[in-house]
Every structure is written in structure tokens, then in C-alpha cells.
Amino acid sequence: MAKTQLNVRVDETTAEAARRRARQRGVSVNRYIEELVQQDAGEAGRAFVEAAADFMKQYEAVFAEEFGAEHGRGAR
């Protein structure tokens with residue numbers, strides 16, 4: 001996969017914390033930050049799916065009434 005360079009400005013305390021955590025994990029600062037972003041994006045995706053599932057549970061009867069049972073679970 002091609003890589004894109006980003007330039008980020010942070011205060012020295014944050015920069016040192018990133019360096020320290022990267023060292024502790026045995027990865028570069030670049031890799032550490034990349035992993036943090038990927039983790040954050042994954043959490044957002046999971047949160048969306050959980051919220052959508054909760055919404056469907058709450059409003060399943062309304063959808064069934066509006067669109068009929070043939071559009072419900074297991075219908076094809």
C-alpha cells in the first residue's frame with residue numbers, strides 16, 4: 001500500500017509521550033500513530049454498527065407495520 005506523508009504539530013509533552021509509547025511497543029512513532037488512527041476508526045465503525053442495531057431493535061415493529069412482514073428478518 002502506498003504511504004502518504006502527514007505533518008502534525010504537537011506540543012513537546014505530547015511528542016515525548018508519543019516517542020515513549022512507541023519505544024515501549026517497539027515500533028516507530030509513525031507506526032504508533034498509524035495504529036492509533038486505525039484503532040480509533042475501528043471503534044467508530046463498531047459504535048455505528050451497535051447504534052444501528054439498537055435503533056433497529058427499538059423500531060423493528062414500526063418498520064414491520066409500515067413495510068410489511070415480508071421485509072422483516074429472514075425475508076428474501
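Below: a short report on this structure.

## Thoughts on the overall build of the protein
Check the secondary structure of the protein and you find two helices and zero strands. By element, 55% of the accessible surface of the protein is carried by carbon and sulfur atoms, the whole surface being about 7,100 Å².

## What to know about the packing of helix 1 (residues 12-25) against helix 2 (residues 29-67)
Where helix 1 meets helix 2, the axes come as close as 9 Å, and the angle between the chain directions of the two elements is 95 degrees. Viewed along their axes, helix 1 and helix 2 adopt a mutual orientation that is roughly perpendicular. Within the contact between the two elements, helix 1 uses Ala18, Arg19, Arg21, Ala22 and Arg25 and helix 2 uses Val29, Tyr32 and Glu35. Residue composition of the contact of helix 1 with helix 2, grouped by class: four nonpolar, no polar and four charged.

## With respect to a nonpolar patch on the surface
A cluster of nonpolar residues, Phe55, Met56, Tyr59, Val62, Phe63 and Phe67, forms a patch on the protein surface that exposes about 560 Å² of accessible area. Assignment of secondary structure puts Phe67 in helix 2.

## Here's the deal with the pattern of salt bridges
The final tally for this structure, using the stated rule, is seven salt bridges. Where Glu16 meets Arg19, a salt bridge forms, and the shortest distance between an N and an O atom there is 3.4 Å. With a gap of three residues between them, Glu16 and Arg19 both fall in helix 1, about one helical turn apart. Assessed through its relative accessible area of 34%, Arg19 is described here as partly exposed. With its nearest N and O atoms 3.5 Å apart, the salt bridge here joins Arg23 to Glu16.

## Describing helix 1
For helix 1, which comprises 14 residues, the first-to-last C-alpha distance of 20 Å matches the rise-based estimate of 20 Å (1.5 Å per residue) to within 8%. Among the residues of helix 1, those classed as buried are Ala15, Ala18 and Ala22. In a view along the axis of helix 1, the buried residues occupy a sector of 60 degrees, so they form one face of it. Along helix 1, exposed side chains directed more than 90 degrees from the buried face belong to Glu12, Thr13, Arg23 and Gln24. Looking at the buried side of helix 1, the elements it contacts are helix 2. Its side-chain oxygen at 3.1 Å from the backbone nitrogen of Thr13, Asp11 defines the N-terminal cap of helix 1.

Cut-offs and rules
Residues numbered from 1 in each chain as written. Predicted model: local features only at pLDDT ≥ 70, side-chain atom pairs only at ≥ 80, totals over all residues. Heavy atoms only, no water. Helix = DSSP H or I, 4+ residues; strand = E, 2+ residues; numbered from the N terminus. Areas by Shrake-Rupley, 256 points an atom, 1.4 Å probe, with all protein chains shown as cover. Axes fitted to C-alpha atoms, helices over the stretch in contact; angles between N-to-C directions. Parallel < 35°, antiparallel > 145°, perpendicular 65-115°, else oblique. Contact = heavy atoms within 4.5 Å. Nonpolar A, V, L, I, M, F, W, Y, C, P; charged D, E, K, R; others polar. Patch = residues over 30% accessible without salt bridge, like charges linked within 9 Å, V, L, I, M, F, W, Y side chains within 5 Å. Salt bridge = Lys/Arg side-chain N within 4 Å of Asp/Glu carboxyl O. Buried < 20%, exposed > 50% of the residue type's maximum accessible area, 1.4 Å probe, protein only. Expected span 1.5 Å × (residues − 1). Arc of directions from axis to C-beta. Polar contact = N/O pair within 3.5 Å; in protein donor to acceptor, adjacent residues only side chain to side chain.

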